[in-house]
Amino acid sequence: MKTDIEGKFLVEADSKQDSLIISFVGYITYALVIGDQRDFVIQLEIDEEQQKLDEVVVVGFGTQKKTTMVGAVSSVSVGEIRKVSTPSLSNTIGGKIAGVITRQASGEPGYDAASVYIRGIASISGGRNPLVIVDGVERELQTYWNTINIEEIADFTVLKDATATAVYGNRGANGVIVITTKRGAVGKPRVTFRSEFATVSPLRVPKVIDAYEYASLHNEALANIGEAPRYTSEELNKFKDGSDPYIYPNVDWYDVVLKKNTKQTINNLGVSGGTEYVKYYVNLGYTLQEGIYNESSLNNFKTNALLNRYQFRSNVDMQLAPDFTLNLGLSGIVSGTNYPGVGTQSAFAIMELVTPLMYPLTNPDGSAPGAIGVDGAVNPYTLLTQMGYTKQFYNTLVSNLNFKWDLSSWLPGLAVRGLVAYDVVDITQNIRTKSPETYHYTRDVATGEDIYTLVSSESALGYGLANENYKTLYGDLSITYDKAIGAHSLSALLLGNKREFTNVNAGSSIANLPERRQGLVGRLTYNYDMRYLLELNAGYNGSENFPKGKQYGLFPSVGAGWVVSNEHFWNKSIVNMLKLRASYGLVGNDQIGGGRFLFLSSYNKSAAGYVYGLNQNNSIGGKSEGSVGNLNVTWEKAYKSNVGADIELFNSAVSFQGDYFYELRKDQLLRRSSVPWYSGYPTGVIPYGNIGTTSNWGVEGSLQVRKTTGSGFYYSFLGNFTYTKNKVIENDVPYIYEHQNPRGHAIGASSGYIATGFFRDEADIANSPSQSIFGTYGPGDIKYQDLNENGRIDLEDITFFGEYGPEPLVMYGFGTTLAWKGFDASVFFTGAANRDFFYGAGWPMRPFFAGVGKYNVLREYYDNRWVPGENNADAIYPAIRAASENNYISSSLWRKNGNYLRIKNAEVGYTFDSHITSRVGVSNLRLFVQGTNLHTWDHIKAIDPESNYGTGAHPISRNINFGINVIF
C-alpha cells in the first residue's frame, strides 16, 4: 500500500467486520476493526525494542548494527555539539565524546581550531592527528572538516580501537573521525532556518603592570646588582599621577589595541524532501566572525581580523532502477579573511615587547610615536593599524558520486558499491603592507620646546601575492554480502581504493609529485543468535613514499563479543542489555615525519670547495652529502588491545560504555642520537631510523541517563571521561646518569633543573652547591638541586621534571538537560587534567632577561616575586635581576598545574506550541540563548589554561549567543 506525501491512503473493505492491519518499519503494528467508521486518523507508536535492534552505527567503509558491533566506537549527537556557538567544529567536541582529547590554544578568526587527539598521544615525532573521513572520503586538507557547517552534519562518529580502524591500514593508528552529512527523506519539502548572533569577549587578556610599577621595578633590578636607580622619586610620581603623559607615558597596550567586545553570526537555510525516486538535501550557510583588534579612523582599509564564510551543500539520491541507486554530493566553501599587515604572532609579540613607559599612544601633535635605537621601533597600536592588511581567500570544492547496485535478485544479500570523489582547494593571499610615518618626541628642558625627530617615513601600500592549490582524486569499488540464516548472521566486505593528492603550486619538483596511496580492505562479521559475535578486519595498503618492494603492508585485527543479556538465563528487568567485547590488531601511521622519500640519498652540489693559487684567490666549488637514505624506512606500527563493556539499565534509561585500551607504538622515525661526532656524519646528515618505541594506555567511559516522566518532564545527564598515560620506551638518546634517561617518561616531558626554593641570604648561598655556571646570583634567586652530588650545579644535574607533557592526558565532560512544556535548559562542563604548563620563554614572566627596561611584565610575576627586605614566605617567583641566566633557565619552578574545569556551554530555550505556529505555516519555532566558555576554574589564572607554553597569544573568547530556529 502506498500513501500520498502526507501519509493518506484509501482502501476498500468488503465487510464491517474486516480488520485493517497497519505496519511500518520501526513502528508497532496497529490493528483495528472497520465497523461503521469511514475515516481514521492513525498514529503509530515507535517500536523502541526493534529500533534498538536495527540501530546502526557508522564505521569504516559502511555501517554496522549497534547491538552486534564489537569495536570501540563513540558518537555525539548534532544537537549536543550545536549548543556551542563557534565556526570551528573541533571546538564543539571536547569532553563530549569518550576517548577524544582537545585543546584550543587560540581564538583568532580562521585559526581558532582545537588540536584533537584520539586516546591521547603515542608518537614521538610522527603525525598525531586522527584520520578524518567525510562522506566516505579522506578529507583532512586544510582542516576542511573543521569548517563544515554543524547544521549539515547527520552523524559524527569516532573509531578508536584496531577492530574499528584496521580497515584504514597505515592511516588509522591515530584513530578515525567519520562525519556523515545530511540527506533527504521522502516527504514534502521541509525548510529549516537557523540564525544566531553572538557578542564575543576575549578571555584572560594578559594583565601587565603600569608605568609607575615598571619604573620602580627597574630601580629594584638595579639595586639587586648594586647599581644606582634609573628613575628619581620625582620621575616615578610623574608616571603615577599622569601629569606629563608624553614624556612620562603610562599605556596599557593590551587595553589600547584590543576590543572589549566584538561580534559573530552564524546563519543557515536548509531544504530537504523528495519522493521514493529522488530525495534531496540542500543547505546554504553564512558565518561572520569579527576579530578583537581596534582600528584607526584614519585608514580607508580594514585592519581588524574578520572571517566571512559562505557554504553550500547539496546531496541528491536517485533511485534509477529498483536495484540501482545513484548519489551525488557537492559542497563548496568560500572563505574570505582579513588580517592586519603584521601577523597575529608578531602583534602579540610586540605587545609583550613594548613597555608601558616606552611611548605615549600618540605624540602631542597627533603623530605616531617611534623610538630611535631600541627594540620595538613601532608601538603596538601603530603596528596594528598603520602597517597595511592581508586578505586571504580560501575556496574549497568537494564532490562525491557513488552508486549501489543491489544484486539480491542473483544472490540475496549481495551488492556492489562504488565511489568517486574529486576535491579542490585554492588559497590566495593578497598582501598589502606599508611603513608608517613615526616621530620620536622629546622636549627641550630649558625652553620647553617640542622636538620631533623622524624615525621612519611613510611608504605606499605594497602588493604581494601568494597562492596555494591542492587537488585530490579518490575512488573505491566494493562488494558486500549480508545474509541471515536462522540464528546465523554473516556479512562481508571486499573493497579496493586509490587516492592521489597533488600540491599543484609546490615550490619544488619533489613536493609537486603526487602522493599516492592504494590498497584493499576486507571485513568479515559473524554472530550467532545475537549473542556470540566475531569480527575480522584487514587493510592491505601502501604508499609511494616508501622503498620499492616495501611499500605495502598488511594490517589485520580481530574482535569478539558476547551479548550476555541475550542469553536465556538473563533477567532483563534491571540490566536490559550487557555486552562484553575485546579486540586486538595492528594499525599503521605513514605520517612519520622527516620528509618524503627518505630511502633516497641526496647530495649538495653547491657546497663550499677549496681555494688555491699564489694568493689563494682561486676557488672551486665542492659537493657534500645532503642526507643519507634509509633503504628500510617504513611506517609506524601500532599494536592495539581493547576490552570493553556496554550496559543499559532500567529499560535503557541509563546507558554506560567503558573501555580499557593499550597500545605499543613501534618503528617510530627518529634521527639517531647515539651516533658520535667522530663517526664522520655531520649533525644534519645523520640518517633517520625506525627506532622509536612508546606505549600508551588508558581507560574511558561514558554515562547517559534519559527519562521522561508521566507529566512530560524530561531530564538527562551526560558524562564522559578519558584517562591516558604514555611513556617513551626507546628513543636512542644516550645518557650517563639515570636521572637523565628519557625512557619511562611521558612523550614531550620537559627537562631542566629541579628548583628547591630561593636563596635566603649570602650565608645560604655559601652553604649551598655552587651555581657559578650561571654567572652571578644572589638572595632571592632560584636554588637548584645537585642531583649528582658533586658540590656544584652543572649540566649533569639536568633531569626530567615534566610529568605529563604539553597536551592533557585526561579530559572529561558532564552536563544535564531539563525540558518541560516547551521550555528547555542545559549546561555542560568540560575539564582537562594531567597537563604540564610552563611559562617557558614568555618574556613578560622573565622580566629584564633581555636587559633592564625591555619587555612588559605580567602582574602575575610582579605581585608574587621575591622582594628584598620583605617577608618572602609566599613568594612564587625569583627576585628581579637584570639578564639573570640563573633564574631564567629551564627549571621546575616555571612548571604549573595545567588542570582546569570550564563551563563550556549553557543554553535556555523555548519551543512554541505547534498548534499556534502551524496557523502561520510554521511547524516548529524555537528561541534560545546560549553561553560559551562562561567560567573557568584553574591554577594558572594569568592566561587561559589551554594556552601554549609561554605567556599567551590570541585569547579564546566568551560568547553570549541569541538565536532562532524555524522549521516550515
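Everything quoted here is computed from the prediction, not taken from an experiment.

Caption draft 1: Here's a closer look at the overall build of the chain. If you tally the helices and strands in the chain, you get 13 helices and 44 strands. A compact globule built from 968 residues should have a C-alpha radius of gyration of about 30 Å, and the chain, at 33 Å, falls within 12% of that. Sorting the 968 residues of the chain into buried and exposed places 50% on the buried side. Long-range pairs, those at least 24 residues apart, make up 70% of the contacts in the chain between residues at least 6 apart in sequence. Carbon and sulfur atoms form 57% of the exposed surface of the chain, whose accessible area is close to 44,300 Å². Across the chain, the centroid of the 84 positively charged side chains sits 5 Å from that of the 94 negatively charged ones.

Caption draft 2: Fine view of the sheet that holds strand β17 (residues 368–369). Spatial strand order, β17-β20-β21: three strands in an open sheet with mixed pairing. This sheet does not close on itself; its edge strands, each paired only once, are β17 and β21 (450–456). Sheet topology places strand β20 (residues 438–443) next to β21; six bridges connect them, and they run antiparallel. Pairing of Y441 across the sheet is with Y452, part of β21.

Caption draft 3: Representation of the pairing of strand β3 (residues 56–59). Relative to strand β4 (residues 62–65), β3 runs antiparallel, the two being bridged by four bridges. Within β4, the residue paired with V56 across the bridge is K65. Between β3 and β4, which pair antiparallel and follow one another directly, the connecting turn spans two residues, one of which, F61, has a positive phi of 60°.

Caption draft 4: Local environment of the packing of aromatic side chains. All told, the structure shown has 37 aromatic pairs when counted by the stated rule. Seen in terms of ring centroids, Y111 and Y339 are 5.8 Å apart; in terms of plane orientation they differ by 50°. Their pairing is tilted. Of the two residues, Y111 is situated in the loop between β6 (100–103) and β7 (115–118) and Y339 in strand β16 (residues 324–340); the sequence distance between them amounts to 228 residues. Between F555 and W635, the ring centres sit 5.8 Å apart and the planes meet at 55°, which makes this aromatic pair tilted. Taken together, the residues F555 in strand β26 (residues 552–563) and W635 in the loop between β29 (618–627) and β30 (636–649) connect sequence positions 80 residues apart. Overall, the relative accessible area of 1% leaves F555 in the buried class. Counting every residue linked through ring pairs, the aromatic cluster contains F801, F837, F838, Y839 and Y949. Sitting above the plane of the F828 ring, K96 keeps its charged end 4.9 Å from the centroid.

Caption draft 5: Main features of the side chain of Q289. For Q289, the position within the fold is in strand β14 (residues 278–290). At 3.4 Å, the side chain of Q289 forms a polar contact with the side chain of D112. For Q289, the residues in contact, after removing those within four places along its chain, are P87, P109, G110, D112, K263, Q264, A305, L306 and L307.

Caption draft 6: How the structure looks around the sheet that holds strand β11 (residues 176–181). Overall, mixed pairing links the five strands, which are arranged β5-β10-β11-β8-β9 in an open sheet. In the strand order of this sheet, the two ends are held by β5 (73–76) and β9 (137–138), each with one partner. Pairing between strand β10 (residues 153–159) and β11: six bridges, direction antiparallel. Within the sheet, the bridge partner assigned to V158 lies in β11 and is I177.

Caption draft 7: Region of interest: the nonpolar core. Ranked by size, the top nonpolar core spans 64 residues in total, and within it L258, Y293, Y839 and W894 carry the most contacts. Residue assignment for this core shows that the elements contributing at least two residues are α4 (211–223), α5 (233–241), α6 (253–257), α7 (344–353), α8 (380–385), β36 (782–784), β40 (836–838) and α11 (859–862). When near neighbours in sequence (up to four residues on either side) are disregarded, L258 contacts V205, I292, Y293, N294, F348 and M351. Core analysis: the next-biggest nonpolar cluster, separate from the first, contains 22 residues, I93, V100, I118 and V134 among them.

Caption draft 8: View of the pattern of salt bridges. Summed over all chains, the structure comprises 49 salt bridges. Close ionic contact of D423 with R139 constitutes a salt bridge, the shortest N to O distance being 2.7 Å. Remark: R139 occurs in the loop between β9 and β10 and D423 occurs in strand β19 (residues 414–433); sequence separation between them is 284 residues. Considered together, D423 and R139 belong to a single accessibility category, that of buried residues. Through salt bridges with shared partners, one network takes in E138, R171, R499, R517 and D590.

Caption draft 9: How the structure looks around the pairing of strand β27 (residues 575–589). For β27, a buried count of twelve out of 15 residues is recorded, marking the element as mostly surrounded by other parts of the structure. Alignment of β26 against β27, held across seven bridges, turns out to be antiparallel. Across the sheet, A560 pairs through a bridge with A582, a residue of β27. As defined by bridge partners, β27 adjoins β30 across 14 bridges and the pair is classed as antiparallel. Paired with G585 across the strands is K640, a residue of β30.

Caption draft 10: Geometry of the environment of T634. Locating T634 in the fold gives a position in the loop between β29 and β30. Sequence separation of T634 and Q668 is 34 residues, and the distance between their C-alpha atoms is 8.7 Å.

Caption draft 11: Highlighting α5. Within α5, burial applies to E235, L236 and F239. Taken end-on, α5 shows its buried residues confined to a sector of 100°, consistent with a single buried face. Of the exposed residues in α5, those oriented more than 90 degrees away from the buried face are S233, E234, K240 and D241. Of the surrounding secondary structure, the elements contacted by the buried residues of α5 are α4. Trailing α5 by a residue or two, G242 shows a phi angle of about 70°, which is positive.

Caption draft 12: Broad picture of α4. Counted at 1.5 Å a residue, the expected span for α4 with its 13 residues is 18 Å, and the 18 Å between its end C-alpha atoms agrees. Most of α4 sits out of view: eleven of its 13 residues are buried. The complete set of buried residues in α4 reads A211, E213, Y214, A215, S216, L217, H218, N219, E220, A221 and L222. Residues of α4 that are buried in the fold lie against α5 and α11. Capping the start of α4 is the job of one residue whose side-chain oxygen sits 3.2 Å from the backbone nitrogen of Y212: D210.

Caption draft 13: Main features of unusual backbone geometry. Located in the positive-phi region is R119, a residue other than glycine, with phi close to 60°. Along the chain, R119 turns up in the loop between β7 and β8 (131–134). Positive phi, normally seen in glycine, also occurs at D732, with a value near 70°. In this fold, D732 is placed in the loop between β33 (714–730) and β34 (751–752).

Caption draft 14: Molecular detail of the packing of α4 against α5. The N-to-C vectors of α4 and α5 enclose an angle of 155°; their axes lie 7 Å apart at closest approach. In terms of orientation, α4 lies roughly antiparallel with respect to α5. Contact residues: A211, Y212, A215, S216 and N219 in α4; L236, F239 and K240 in α5. For the contact of α4 with α5, the residue count by class is five nonpolar, two polar and one charged.

Caption draft 15: Structural view of a nonpolar patch on the surface. A grouping of F193, L269, L284, F312, L328, L330, L401, V420, Y422, L473 and F968 is seen on the molecular surface, where their side chains present a nonpolar patch of about 920 Å² in accessible area. Only β16 and β19 provide two or more residues apiece to the nonpolar patch. For L330, a relative accessible area of 34% gives the class partly exposed.

Caption draft 16: Quick look at the side chain of S565. In this structure, S565 sits in the loop between β26 and β27. Among the polar contacts made by the side chain of S565, one reaches the main-chain amide nitrogen of L578 at a distance of 3.0 Å. Residues contacting S565, with those up to four places away along its chain left out, are W570, K572, N576, M577 and L578.

Caption draft 17: Spatial organisation of the environment of S655. Relative to the helices and strands, S655 is located in strand β31 (residues 654–671). For the pair formed by S655 and L578, sequence separation is 77 residues and the distance between their alpha carbons is 9.9 Å. Apart from the residues lying within four places of it in its own chain, the contact partners of S655 are I647, E648, S702, L703 and Q704.

About the cut-offs
Residues numbered from 1 in each chain as written. Predicted model: local features only at pLDDT ≥ 70, side-chain atom pairs only at ≥ 80, totals over all residues. Heavy atoms only, no water. Helix = DSSP H or I, 4+ residues; strand = E, 2+ residues; numbered from the N terminus. Rg over C-alpha atoms; globule rule 2.2 N^0.38 Å. Buried < 20%, exposed > 50% of the residue type's maximum accessible area, 1.4 Å probe, protein only. Contact = heavy atoms within 4.5 Å. Areas by Shrake-Rupley, 256 points an atom, 1.4 Å probe, with all protein chains shown as cover. Lys, Arg positive; Asp, Glu negative; His and termini not counted. Charge placed at Lys NZ, Arg CZ, Asp CG, Glu CD. Pairing = 2+ DSSP bridges. Phe/Tyr/Trp six-rings, centres within 6.5 Å; stacked < 30°, edge-to-face > 60°. Lys NZ or Arg CZ within 6 Å of the ring centre and 35° of its normal. Polar contact = N/O pair within 3.5 Å; in protein donor to acceptor, adjacent residues only side chain to side chain. Core = buried A, V, L, I, M, F, W, Y, C linked by side-chain atoms within 4.5 Å. Salt bridge = Lys/Arg side-chain N within 4 Å of Asp/Glu carboxyl O. Arc of directions from axis to C-beta. Expected span 1.5 Å × (residues − 1). Axes fitted to C-alpha atoms, helices over the stretch in contact; angles between N-to-C directions. Parallel < 35°, antiparallel > 145°, perpendicular 65-115°, else oblique. Nonpolar A, V, L, I, M, F, W, Y, C, P; charged D, E, K, R; others polar. Patch = residues over 30% accessible without salt bridge, like charges linked within 9 Å, V, L, I, M, F, W, Y side chains within 5 Å.

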